[in-house]
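# Examining the three-dimensional arrangement
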Amino acid sequence: MTEVRAALFDVFGTVVDWRGGIADEVRRWLDEYAPERDDIDPGDFADRWRARYQPSMQPIRTGERPFTKLDVLHRESLVELLAEYVLPTEAVDDLTLAWHRLPPWPDSVAGIAAVRESVIVAPLSNGNVSLLLDMAKRAGIPWDAVLGAEVVQAYKPTPESYLRTAELLDLAPGQCLMVATHNDDLAAARGCGLQTAFVRRPHEHGPQQTESEPTDDWEFVVDDLEELGRLLRSSQASSRS
């Protein structure tokens, strides 16, 4: 393998617990603005909001809509969802920013720090820069750089999102390692020449999820990010000996 110079991380699901974080924020919002609505399950609300994530980006990928940052797409999806639930739109902007406040998985901060001992670490996410910065400051995520989708003007899994990120770092695609818990993200990255690391996140979709497994022969398959840090240090040491 070409020596890895940068590890680029998917964020939602790989680094942070989007479902648990959104469910907690929705629960607090309901308690304040719709306390009578005990028929709404916050986890189901989170799932339905997330279900609009990929469809909201598709017109941008196809060129039918100019590039629009994820905060705007999240807000549009939330307004639609509140209407479906017949809920008020009070504090809709603050609830939209719940995506800025997502909690990291227990291994994420220490694991990214461990990976950072060997290589550059940065997000390769569909999140916008302010979202990723707020998340990093709140959680203590030690990125070397924050490269949101608006920087490359492209949403994964379009090739531009991967290739332009590598170009920004003055690296060849093969010198970059895409780190994700989503097999489709890794497949798209590999198609662009990046190396790949699959991270098991068996509870990304909540307690009902039972497994998280690779579907291809990715270069690395790990149970947590600290393990990835150890493997990268070992790999780098071997290649230089």
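Before reading further, recall that the structure is shown in the block above.
Residues numbered from 1 in each chain as written. Predicted model: local features only at pLDDT ≥ 70, side-chain atom pairs only at ≥ 80, totals over all residues. Heavy atoms only, no water.

## Focus on the sheet that holds strand E5 (residues 220–222)
The strand order E2-E1-E3-E4-E5 describes an open sheet built from five strands, whose pairing is parallel. Of all strands in the sheet, those bounded by a partner on one side alone are strand E2 (120–123) and E5. Strand-to-strand twist in this sheet, taken as the mean axis angle between neighbours without regard to direction, amounts to 20°. In this structure, strand E1 (residues 6–9) lies alongside E2, joined through four bridges in parallel fashion. What sits directly across from leucine 8, in E2, is alanine 122. In the packing of helix H10 (residues 183–191) onto the sheet, the strands contacted are strand E3 (176–180) and strand E4 (195–199), and the crossing angle to E3 comes to about 165°. (Pairing = 2+ DSSP bridges. Helix = DSSP H or I, 4+ residues; strand = E, 2+ residues; numbered from the N terminus. Axes fitted to C-alpha atoms, helices over the stretch in contact; angles between N-to-C directions. Contact = heavy atoms within 4.5 Å.)

## Regarding the packing of helix H1 (residues 18–33) against helix H2 (residues 42–50)
Packing of H1 against H2 leaves a shortest axis separation of 8 Å and a crossing angle of 120°. When the axes of H1 and H2 are compared, the pair comes out oblique. Crossing of H1 against H2: the hand is right-handed. For the pair H1 and H2, the contacting residues are Trp18, Arg19, Ile22, Ala23, Val26 and Arg27 in the first and Pro42, Gly43, Asp44, Phe45, Ala46, Asp47, Trp49 and Arg50 in the second. Along the lines of polarity and charge, the residues of the contact of H1 with H2 split into eight nonpolar, one polar and five charged. (Parallel < 35°, antiparallel > 145°, perpendicular 65-115°, else oblique. Left-handed = near helix turned anticlockwise from the far one by under 90°. Nonpolar A, V, L, I, M, F, W, Y, C, P; charged D, E, K, R; others polar.)

## Considerations on the layout of surface pockets
For the largest pocket, the calculated volume is near 270 Å³. Along the walls of the largest pocket sit 15 residues, with Arg50, Tyr53, Gln54, His182 and Asp184 positioned nearest its centre. Elements that contribute at least two residues to the lining of the largest pocket include exactly helix H3 (53–61) and H10. When its residues are assigned to classes, the lining of the largest pocket shows five nonpolar, four polar and six charged. (1 Å grid on protein atoms, 1.4 Å probe; cavity = no way out; pocket = protein on both sides within 12 Å on 5 of 7 lines; lining within 4 Å. Points joined across faces, edges and corners; volume = space filled by probe spheres on them.)

## Considerations on empty space enclosed by the protein
Summed over the entire model, instances satisfying the criterion amount to one cavity of 30 Å³ or more. Quantified by volume, the largest cavity comes out at close to 50 Å³. Every residue lining the largest cavity is listed: Leu124, Ser125, Asn126, Leu147, Gly148, Ala149, Val152, Ala154, Lys156, Ser161 and Thr165. Of all the secondary-structure elements, those providing two or more residues to the lining of the largest cavity are helix H8 (149–152) and helix H9 (159–168).

## Focus on the nonpolar core
With 53 residues, the main nonpolar core has Phe9, Phe12, Phe45, Leu87, Trp143, Val179 and Leu228 as its most contacted residues. Sort the elements by how many residues they give to this core and helix H4 (residues 70–85) lands first, with six residues. In this structure, Leu124, Tyr162, Leu171 and Phe198 belong to the second largest nonpolar core, which totals 19 residues. (Core = buried A, V, L, I, M, F, W, Y, C linked by side-chain atoms within 4.5 Å. Buried < 20%, exposed > 50% of the residue type's maximum accessible area, 1.4 Å probe, protein only.)

## Focus: the packing of aromatic side chains
Tallying each qualifying case throughout the model produces nine aromatic pairs. Measuring from ring centre to ring centre gives 5.5 Å for phenylalanine 9 and tryptophan 143, while their planes differ by 55°; the resulting arrangement is tilted. Separated by 134 residues along the polypeptide, phenylalanine 9 in strand E1 and tryptophan 143 in the loop between helix H7 (129–139) and H8 bring together distant segments of the chain. Each member of the pair, phenylalanine 9 as well as tryptophan 143, is classed as buried. Aromatic ring contacts, followed pair by pair, group Phe12, Trp18, Phe45, Trp49, Tyr53, Tyr85 and Trp99 into a single cluster. Positioned above the aromatic ring of tryptophan 18, the side-chain terminus of arginine 50 is 5.1 Å from the ring centre. Just above the ring of tyrosine 53 sits the side chain of arginine 50; from NZ or CZ to the centre is 4.0 Å. (Phe/Tyr/Trp six-rings, centres within 6.5 Å; stacked < 30°, edge-to-face > 60°. Lys NZ or Arg CZ within 6 Å of the ring centre and 35° of its normal.)

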